[in-house]
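# Architecture and fold: a report
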Amino acid sequence: LGYLTKGLSDFFEADFAALDNLKVVERDKVEFILKEIVMAEKGLVDQATAVQAGKLLGAQIMVFGSVMQMDKNNARMIVKAVKVETSEIIATAERTGKPEFFTMERELVTELAAKLDLQLSPDEVKKLEANNTEDNDAAGLYSRGLYHVDKYEYAKAYEYFKQAYDLDESFADAKQKMDIYRPLAMSS
């Protein structure tokens, strides 16, 4: 799925952060601690190691996910919430079907929130609907922009965010990233 997984990860993070009852720790902080934990085993990160990182961050629950496209008509996404203290899986949600990844992602966030007994307010539901796009091409461009952000290639990142927003002017995350990276793109 290439760049698309980067965008899906970003959407999950943003959507969970939109829920008032949760405090989301930035993925970069988790990755930094994971690198510290697994320095001797460069690149090998498993759920147990990630749970260790969660403990260091003071997290109570960590959310893990996977996505796979089985063929052009079928995809599967799974998310699970793991209690950091015990490593117990306390909730899972999954979708299998037509590869409408961003619809599936939003449905999984809503389902997992319900399984964790988080009541979504009408404002939170609106935030979830506003964050993403239904346009797979726009989502793909956005994902490519995230890839270039990680490479510190801000001019390229900005251009992909702009293209994503041009395809879907209701895509709030693309607009936000454009605004963030425009000054950095202009200075490079």
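These remarks concern the structure in this document. Since the structure is predicted, the reported quantities are computational estimates derived from the model, not experimental observations.

## Observations regarding the packing of aromatic side chains
Scanning the entire structure with this criterion turns up nine aromatic pairs. Here the aromatic rings of Phe11 and Phe171 are separated by 5.8 Å at their centres, their planes lie at 70 degrees, and the arrangement is edge-to-face. In this pair, Phe11 sits in helix α1 (residues 4-17) while Phe171 sits in the loop between α7 (154-167) and α8 (172-187), placing the two residues 160 residues apart along the sequence. One exposure class covers both Phe11 and Phe171, and it is buried. Arranged with centres 5.6 Å apart and planes meeting at 15 degrees, the rings of Tyr154 and Tyr181 form a pair that is stacked.

## Looking at the sheet that holds strand β1 (residues 61-71)
Pairing within the open sheet is antiparallel, and its three strands lie in the order β1-β2-β3. Each edge of the open sheet carries a strand with a single partner, namely β1 and β3 (88-97). The average angle at which neighbouring strand axes cross in this sheet is 10 degrees, direction not considered. As paired strands, strand β2 (residues 74-83) and β3 are joined by nine bridges and run antiparallel to one another. Of the residues in β3, the one forming a bridge with Val82 is Ile89. Helix α4 (residues 101-115) rests against β1, β2 and β3 of the sheet, and its axis sits at about 150 degrees to β3.

## Here we look at the packing of helix α6 (residues 136-150) against α7
As a packed pair, α6 and α7 sit with axes 8 Å apart at the nearest point and diverge in direction by 165 degrees. Classified by the angle their axes make, α6 and α7 are roughly antiparallel. Between α6 and α7 lies a crossing of left-handed hand. Of the residues in α7, those touching α6 at Asp137, Ala138, Leu141, Tyr142, Arg144, Gly145, Leu146, His148 and Val149 are Tyr154, Lys156, Ala157, Tyr160, Phe161, Gln163, Ala164 and Leu167.

The rules we used
Per chain, residues are indexed from 1 in the order of the written sequence. A pLDDT threshold of at least 70 governs which residues receive local features in this predicted model, and a stricter bar of 80 or more applies before side-chain atom pairs are shown or counted, although totals over entire chains, interfaces and linings include all residues. The side-chain values count all of the structure's non-hydrogen atoms but skip hydrogen atoms and water molecules. Two rings from Phe, Tyr or Trp (for Trp, the six-membered ring) form a pair when their centres are within 6.5 Å of each other. A pair whose planes differ by under 30 degrees is stacked, one over 60 is edge-to-face, and the rest are tilted. Strands here are runs of E lasting at least two residues and helices are runs of H or I lasting at least four, both read from the DSSP assignment and numbered beginning at the N terminus. Note on classification: 1.4 Å probe, protein chains only; a residue is buried when its accessible area is under 20% of the maximum for its type, exposed when over 50%, partly exposed between these limits. Between any two strands, pairing holds if DSSP finds at least two bridges. Note on geometry: axes are lines fitted to C-alpha atoms, helical ones only across the stretch in contact, with angles between N-to-C directions running from 0 to 180 degrees. In this analysis, two residues are considered to be in contact whenever any of their non-hydrogen atoms come within 4.5 Å of each other. Working rule for angles: under 35 degrees goes down as roughly parallel, over 145 as roughly antiparallel, 65 to 115 as roughly perpendicular, anything else as oblique. In this scheme the crossing of two helices becomes right-handed for a clockwise turn of the near helix relative to the far one and left-handed for an anticlockwise turn of less than a right angle.

Don't take any of this as a statement about function, it's just geometry.
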